[in-house]
Number of protein chains: 2
Amino acid sequence: MTSPRADSLRIVLADDERMVRTALRAILTAEPDLEVVGEAATGAEAVSVVRDLTPDVVLMDVRMPEIDGIRATEQILATLPDPPRIVVVTTFENDAYVYEALRAGASGFLLKRADADALVQAVRLVAHSDTLLFPSAVRALAAEHARSRPTPPPWVAKLTARERDVLRLMATGLTNAEIAGRIGVGPATVKTHVAAVLAKTGTRDRTQAVIAAYEAGFMKES
Amino acid sequence: MTSPRADSLRIVLADDERMVRTALRAILTAEPDLEVVGEAATGAEAVSVVRDLTPDVVLMDVRMPEIDGIRATEQILATLPDPPRIVVVTTFENDAYVYEALRAGASGFLLKRADADALVQAVRLVAHSDTLLFPSAVRALAAEHARSRPTPPPWVAKLTARERDVLRLMATGLTNAEIAGRIGVGPATVKTHVAAVLAKTGTRDRTQAVIAAYEAGFMKES
DNA sequence: ACGGCCCTCCCCCGTCCGGCGGAGGCGGAT
DNA sequence: ATCCGCCTCCGCCGGACGGGGGAGGGCCGT
């Protein structure tokens, strides 16, 4: 897709912290074959800067004001005919946003505490090739991960402790009577809790509630 | 962990196809800072060769006779005090083994059709750093992927096509009547299929059946 | 031609479930 | 001191569900 100029790699930095941009620029410009051609402090700015400068590689922070790195990545890849390779930069590994960014089409990701050597090699690597270390397999993996994620359910927070207990037991296949025996209350009480769970989850029967629990990843929070 | 010699990176190739080893050796030895110190044609051989030569990087094929690349990776990482970085080499992306290899502790993976430039850069990268492109986040992702796999349920095969349809619809929260309307049969027929599903899955009600479907990863085979 | 499997549908019946409205106690917040 | 949320229970009712048993038709392999 992106064809790097024969002379040097043109890079755009997008990060809301000036210090980070400065540090990245210092590291990258020390290399003769790398050139930082632009910076952006917000996602929106990143989109327009990239559109104007058509760099080879974008180092994109995930957490930025206005438009975050994921949306910016989406917009860049969707609107540009010959989009740059986008490397997502984050402070924490296991950042959930990273997976979404990869899903959005980012070519790689990078921790801010990576040393200078790794940084420049990564930029060169991602610019010259995508058959390696980030083939579509990883993107598919991330996509799958993100697909099972996008249910950061709003209702979980609204459930009371008791209702959570009951839902958890519902999701193991117990009947109301069995749940009652398990948590040491009367069957009528369980019915009340079940009704509350159904109302708060927006489901109409226990089966749908259990499905919602699974889809929301509720069963993994054991 | 691994501390590369200041002079050059010592590499071991493990692949059952001689041609592949030759090709990799040709590419790598063309670089002044890379040195191929050993080869192995089987997983078992790879383990002993690595143990003897203590290289910095191992390029490991996944599919090999006797012991495959995954087990070899496990054994190397488990038995050596200062293990090398292991890069898994595969022909096909989306190779399911790749995820298991990453889970076993491999530092990266590489497609055989990767070009020479990408190959050498990847080797350097993986030898010098792991804060980048394959931090533990990706490994955790691979682990999660592998963890959700090992549920190849025995009963799925025993379900008839119709019963699979019904189970799939059950797991979307539909009632028998709704399922009947959806697949264009009478409610009585659906009841029959549901009963068959319950019997074959060893569950007593639709809720437990849906749980079984989710636990078995049945819902991902859409 | 026959048995076997699958899909289709029927009736009866007992149970479980979910919706309705109501009630008491208890603790924390205002 | 009062209100509000949570937990605990009660009865009533209609509908959905699951078990049991039976039956007809189509397809396939023997």
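Keep in mind that this is a model prediction, so the values were computed, not measured.

Thresholds, definitions, all that
- Residues numbered from 1 in each chain as written.
- Chains lettered and ligands numbered in written order.
- Predicted model: local features only at pLDDT ≥ 70, side-chain atom pairs only at ≥ 80, totals over all residues.
- Heavy atoms only, no water.
- Phe/Tyr/Trp six-rings, centres within 6.5 Å; stacked < 30°, edge-to-face > 60°.
- Helix = DSSP H or I, 4+ residues; strand = E, 2+ residues; numbered from the N terminus.
- Buried < 20%, exposed > 50% of the residue type's maximum accessible area, 1.4 Å probe, protein only.
- Pairing = 2+ DSSP bridges.
- Axes fitted to C-alpha atoms, helices over the stretch in contact; angles between N-to-C directions.
- Near = heavy atom within 4 Å.
- Polar contact = N/O pair within 3.5 Å; in protein donor to acceptor, adjacent residues only side chain to side chain.
- Nonpolar A, V, L, I, M, F, W, Y, C, P; charged D, E, K, R; others polar.

Caption draft 1: Quick look at the packing of aromatic side chains. In this structure the tally under the stated criterion is 1 aromatic pair over all chains. Between Tyr 214 of chain A and Tyr 214 of chain B the ring centres are 5.2 Å apart and the planes differ by 35°, which places this aromatic pair in the tilted class. One end of the pair, Tyr 214 of chain A, is in helix H10 (residues 206-215); the other, Tyr 214 of chain B, is in helix H10 (residues 206-215), on a second chain. This pair shows no difference in class: Tyr 214 of chain A is buried, exactly as Tyr 214 of chain B is.

Caption draft 2: Structural view of the sheet that holds strand S1 (residues 9-14) of chain B. Residue and element names in this part refer to chain B. With respect to topology, 5 strands assemble into an open sheet ordered S2-S1-S3-S4-S5, the strand pairing being parallel. At either end of the open sheet lies a strand with only one pairing partner, and these are strand S2 (34-40) and strand S5 (108-111). Recorded for the sheet is a direction-independent mean angle of 25° between the axes of neighbouring strands. Across 5 bridges, strand S3 (residues 57-61) lies against strand S4 (residues 85-90) in parallel orientation.

Caption draft 3: Region of interest: the protein's contact with DNA strand C. Taken together, 17 residues form the shell around DNA strand C, and within it Lys 191 and Arg 206 of chain A together with Thr 160, Gly 186 and Thr 189 of chain B come nearest. Of all atoms in DNA strand C that approach within 4 Å of the protein, 68% are sugar or phosphate atoms. The contact in question runs from a base nitrogen of DNA strand C to an N or O atom on the side chain of Thr 192 of chain B, over 3.0 Å. For the surface near DNA strand C, the secondary-structure elements that each account for two or more residues are helix H9 (187-201) of chain A together with helix H7 (161-170) and helix H9 (187-201) of chain B. Take the surface near DNA strand C: its biggest share by element is 4 residues, from H9 of chain B. Residue composition of the surface near DNA strand C, grouped by class: 5 nonpolar, 7 polar and 5 charged.

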